[in-house]
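# Coordinates in review
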Amino acid sequence: MTSLVLLDHDACAIKQPSRSAVAAARLLGEVHVLVAGHGVQAAAVAAAKLPGVARVLVADAPVFAHRLAEPLAALLVSLAPAYSHLLAAASAEGKNVMPRVAALLDVQPITEVAAVVGPDVFVRPIYAGNALATVRSADSRQVLTVRAASFDPVPTERGPAEGGDAAIEAVAGTDMPSPGRFVSAELSKSGRPELTAARRVISGGRGMQSADNFALLDAIADKLGAAVGASRAAVDAGFVPNDFQVGQTGKIVAPELYVAIGISGAIQHLAGMKDSKVIVAINKDEEAPIFQVADYGLVADLFTALPELAAELERS
Amino acid sequence: MKILVPVKRVVDYNVKARVKSDGTGVETAGVKMSMNPFDEIAVEEAVRLKEKGVATEVVAVSMGIAACAETIRTALAMGADRGILVETDVELQPLAVAKLLKALVEREQPLLVIAGKQAIDDDLGATGQMLAALLGWPQGTFASKLEVEGGSATVTREVDGGMETLALPLPAVITADLRLNEPRYASLPNIMRARKKPIETVKPADLGVDPTPRLTVLKVVEPPRRQAGKKVGSVAELVAKLKTEAKVI
């Protein structure tokens with residue numbers, strides 16, 4: 001059995017959620033990876049260094065420059081006959097592309113895989129993480145997206161015992177159809193780590209009261225080297241963009257330290273962060289459900305506690 | 001231009017899902033059911049396009065047991081013009097739903113399908129993309145902004161780290177993210193009016209689709225519970241504990 005993992009990359013490095021997808025694929029047998037884009041040789045070289053990767057397929061062409069779903073799905077379908085499993089991280093890209101691939105192969109995809117039980121048996125969360133379903137697929141080929149928080153990512157480099165870099169080989173695919181046209185991208189410009197890859201995350205909820213008050217979190221995030229997140233309530237209230245959202249309908253994170261500020265702890269939010277190693281909650285409502293999952297809880301007004309926290313971190 | 005909007009009947013988002021004691025699934029008997037919240041956003045977007053004069057008709061489709069007609073009524077009360085119920089007792093999974101929708105699209109010939117990005121029960125997030133694939137149409141998933149003009153849809157999408165904008169030739173499939181709009185509440189007169197709007201009922205066999213599920217649920221369990229920790233008395237104590245006890249800063 002051989003798996004093909006579609007990698008998310010930034011043209012030179014492989015993103016951490018994709019390294020988790022590689023970790024999941026290793027449980028299924030031999031692993032090949034696909035790097036698609038335009039001008040992606042550096043990413044291909046980085047992919048070849050990942051532990052457990054036996055072969056790197058590279059599709060380097062203008063049609064893949066913006067990694068639109070239509071040409072990427074067509075490419076994966078053309079490669080599918082050689083593979084038992086097609087995987088990607090459950091990132092915006094993986095969620096966009098893999099179901100399209102599955103439909104073209106007449107397969108029911110299994111998304112947000114949290115555990116591999118067997119070649120066709122997987123565990124995935126349902127109902128915003130309130131239940132875990134173990135499902136068996138009757139399809140002859142599996143199309144999966146992998147929940148990054150559930151699998152430790154493979155390192156970026158091989159150990160001394162793991163042999164040389166994987167072979168890199170170009171694949172055809174320049175003629176894939178691409179009916180859609182990329183217009184523009186507006187990526188948040190912050191020097192902070194990406195939410196799904198950050199070792200520390202500080203999130204604000206409705207208790208932050210305004211967009212301006214999120215600057216209070218920025219100050220602490222900078223001191224901790226943390227990413228800033230938010231609850232769905234804060235996103236709904238328009239305090240921050242949706243890509244800040246941690247939760248079942250947003251991003252799933254599992255950092256070493258998760259700090260929840262002014263977040264009550266709705267089920268849908270807990271589903272996105274409850275696998276964090278250490279959870280801290282600061283909330284003035286001592287009955288807030290967030291305290292039921294927090295390792296350390298502080299009942300306090302966040303507008304007093306945040307400046308104190310910034311000062312305390314400054315001191316140490 | 002006609003718009004087709006698939007709507008799913010799910011356990012209301014305010015209800016805490018409870019795993020059945022026999023581990024076969026989540027309790028749905030006697031539980032409040034509602035339209036999937038992302039589908040409400042999709043209906044709202046379609047109705048707004050009609051109000052702007054871009055769309056001429058909005059058709060709401062739901063699939064499943066007869067009670068799914070209630071979900072269609074909700075869409076009709078929000079402003080959809082008519083409904084189609086694909087009635088079956090078979091548990092429908094996204095591949096089957098996408099095939100059934102494809103058959104309806106071929107019959108109804110809409111230029112746009114607007115779906116929710118995921119259903120809040122199975123959380124699979126697959127139907128829109130799968131329908132686009134089967135139709136050979138482009139897809140604009142996780143849309144936070146949609147403009148339709150001159151045979152093209154300009155879609156702003158939520159992606160990791162920000163947003164991107166795509167121009168898609170119509171016909172196309174769009175899936176709605178949270179920030180696309182804020183769905184309206186149906187007014188009482190509109191709820192009354194919706195009762196008179198037509199709902200057609202068809203069976204999967206009428207559409208030539210075998211809806212047999214591909215996935216079998218072996219078991220459903222509650223996730224492991226996280227233990228509540230301790231309360232600290234001050235910020236200073238918190239920072240000290242994170243340093244010396246948890247060793248995470």
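Residues numbered from 1 in each chain as written. Chains lettered and ligands numbered in written order. Predicted model: local features only at pLDDT ≥ 70, side-chain atom pairs only at ≥ 80, totals over all residues.

## Details of the overall build of chain B
A tally of helices and strands in chain B yields six helices and 13 strands. In terms of overall dimensions, chain B has C-alpha extents of about 65 × 45 × 40 Å along its principal axes. Counting every position in chain B, which comprises 249 residues, the buried fraction comes to 51%. In chain B, the share of contacts with a sequence separation of at least 24, taken over all contacts with a separation of at least 6, comes to 70%. (Helix = DSSP H or I, 4+ residues; strand = E, 2+ residues; numbered from the N terminus. Buried ≥ 20, exposed ≤ 12 C-beta atoms within 10 Å, placed from the backbone. Contact = placed C-beta atoms within 7 Å.)

## Overview of the overall build of chain A
Looking only at helices and strands, chain A has eight helices and 16 strands in total. For a compact globule of 316 residues, the expected C-alpha radius of gyration is about 20 Å, and chain A comes in at 21 Å, within 12% of that figure. C-alpha atoms of chain A, sized along the principal axes, occupy 60 × 45 × 40 Å. Counting all 316 residues of chain A, 59% fall into the buried class. Sequence-distant contacts, at least 24 apart, represent 66% of the contacts inside chain A between residues at least 6 apart. (Rg over C-alpha atoms; globule rule 2.2 N^0.38 Å.)

## With respect to the sheet that holds strand β5 (residues 110-113) of chain A
All names here are of chain A. Read from one edge to the other, the open sheet built from seven strands follows the order β5-β9-β4-β1-β2-β3-β10, with strand pairing classed as parallel. Looking at the sheet topology across the chains shown, the edges are occupied by β5 and β10 (167-170). Each adjacent strand pair in this sheet contributes to an overall mean axis angle of 25 degrees, direction not counted. With respect to the sheet, helix α2 (residues 41-48) is in contact with β2 (30-37), β3 (53-60) and β10, its orientation differing from that of β3 by roughly 170 degrees. Sitting on the sheet, helix α4 (residues 92-104) touches β1 (2-6), β4 (85-89), β5 and β9 (142-146), and the angle it makes with β9 is about 170 degrees. (Pairing = 2+ DSSP bridges. Axes fitted to C-alpha atoms, helices over the stretch in contact; angles between N-to-C directions.)

## Describing the interface of chain A and chain B
Between chain A and chain B, the residue contacts involve 72 residues of the former and 66 residues of the latter. For the side of chain A that touches chain B, the element with the most residues is α4(A), which contributes eight residues.

## With respect to the packing of helix α3 (residues 94-108) of chain B against helix α4 (residues 127-135) of chain B
Residue and element names in this part refer to chain B. Between α3 and α4, the least distance of the axes is 9 Å, while the angle of their chain directions is 50 degrees. Between α3 and α4, the angle is such that the two are oblique. Judged by the sense of rotation from one axis to the other, the crossing of α3 with α4 is right-handed. Where α3 abuts α4, its residues Pro94, Leu95, Val97, Ala98, Lys99, Leu101, Lys102 and Val105 lie against Thr127, Met130, Leu131, Leu134 and Leu135. Within the contact of α3 with α4, the residues separate by chemical class into 10 nonpolar, one polar and two charged. (Parallel < 35°, antiparallel > 145°, perpendicular 65-115°, else oblique. Left-handed = near helix turned anticlockwise from the far one by under 90°. Nonpolar A, V, L, I, M, F, W, Y, C, P; charged D, E, K, R; others polar.)

## Quick word on the environment of B:Gln118
Residue and element names in this part refer to chain B. For Gln118, the location among the structural elements is in the loop between β6 (112-116) and α4. Residue Gln118 is classed as buried on the basis of its C-beta count, with 29 C-beta atoms lying within 10 Å. Once the C-alpha coordinates of Gln118 and Ile72 are considered, the two residues, 46 residues apart in sequence, prove to be 18 Å apart. Once you skip the residues sitting within four places of it in the chain, Gln118 turns out to touch Phe38, Asp123, Leu124 and Gly125.

## Quick look at the pairing of strand β7 (residues 139-149) of chain B
Pairing geometry for β7(B) and strand β10 (residues 172-176) of chain B, over three bridges, is parallel. When the sheet's bridge partners are listed, B:Ala143 is paired in β10(B) with B:Ala176.

## Some details on the nonpolar core
Buried together is how nonpolar side chains tend to be arranged in soluble globular proteins. Counting residues in hydrophobic clusters, the biggest one holds 199 residues, and the most contacted among them are A:Val5, A:Val35, A:Ala47, B:Val5 and B:Ala60. The element best represented in this core is α3(B), accounting for eight residues. When near neighbours in sequence (up to four residues on either side) are disregarded, B:Ala60 contacts B:Val5, B:Val7, B:Val43, B:Ile72, B:Ala75, B:Leu76, B:Ala80 and B:Gly83. (Core = buried A, V, L, I, M, F, W, Y, C linked by C-beta atoms within 7 Å.)

## Focus: the environment of A:Val113
All names here are of chain A. Within the secondary structure layout, Val113 lies in strand β5. Linking Val113 and Val146, residues 33 residues apart in sequence, is a C-alpha distance of 4.7 Å. Once residues within four sequence positions are removed from consideration, Val113 is found in contact with Ala24, Phe122, Arg124, Leu144, Thr145, Val146 and Arg147.

## Focus: the packing of α4(A) against α4(B)
Closest axis-to-axis distance for the α4(A)/α4(B) pair is 8 Å, and the angle between their directions is 45 degrees. The angle between the axes of α4(A) and α4(B) places the two elements in the oblique class. Here the hand of the crossing between α4(A) and α4(B) comes out right-handed. For the pair α4(A) and α4(B), the contacting residues are A:Asn96, A:Pro99, A:Arg100, A:Ala102, A:Ala103 and A:Leu104 in the first and B:Gln129, B:Met130, B:Ala132, B:Ala133 and B:Leu134 in the second. Per-class residue counts for the contact of α4(A) with α4(B) are eight nonpolar, two polar and one charged.

## Observations regarding the environment of B:Leu238
In this structure, B:Leu238 sits in helix α6 (residues 235-244). Residue B:Leu238 is classed as buried on the basis of its 23 C-beta neighbours within 10 Å. In the structure, B:Leu238 is positioned 39 residues away from B:Ile199 in sequence and 59 Å away in space, judged by C-alpha atoms. Residues contacting B:Leu238, with those up to four places away along its chain left out, are A:Val280, A:Tyr296, A:Leu298 and B:Val232.

## With respect to α3(B)
Residue and element names in this part refer to chain B. Here α3 contains 15 residues, and its C-alpha end-to-end distance of 20 Å stays within 8% of the 21 Å for a straight helix at 1.5 Å per residue. Most of α3 is tucked away, with 11 of its 15 residues classed as buried. All of the buried residues along α3 are Pro94, Leu95, Ala96, Val97, Ala98, Lys99, Leu100, Leu101, Lys102, Leu104 and Val105. Phi turns positive, to about 55 degrees, at Gln109, one or two residues after α3. (Expected span 1.5 Å × (residues − 1).)

## Focus: the pairing of β9(A)
Residue and element names in this part refer to chain A. Most of β9 is tucked away: five of the five residues are buried. The side-chain alternation of β9 yields two buried faces, one formed by Gln142, Leu144 and Val146 and the other by Val143 and Thr145. Where β4 lies against β9, five bridges are found, and the strand directions are parallel. Paired with Ala88 across the strands is Thr145, a residue of β9. When β5 meets β9, the two strands line up parallel, connected through two bridges. The partner of Val113 across the bridge, within β9, is Val146.

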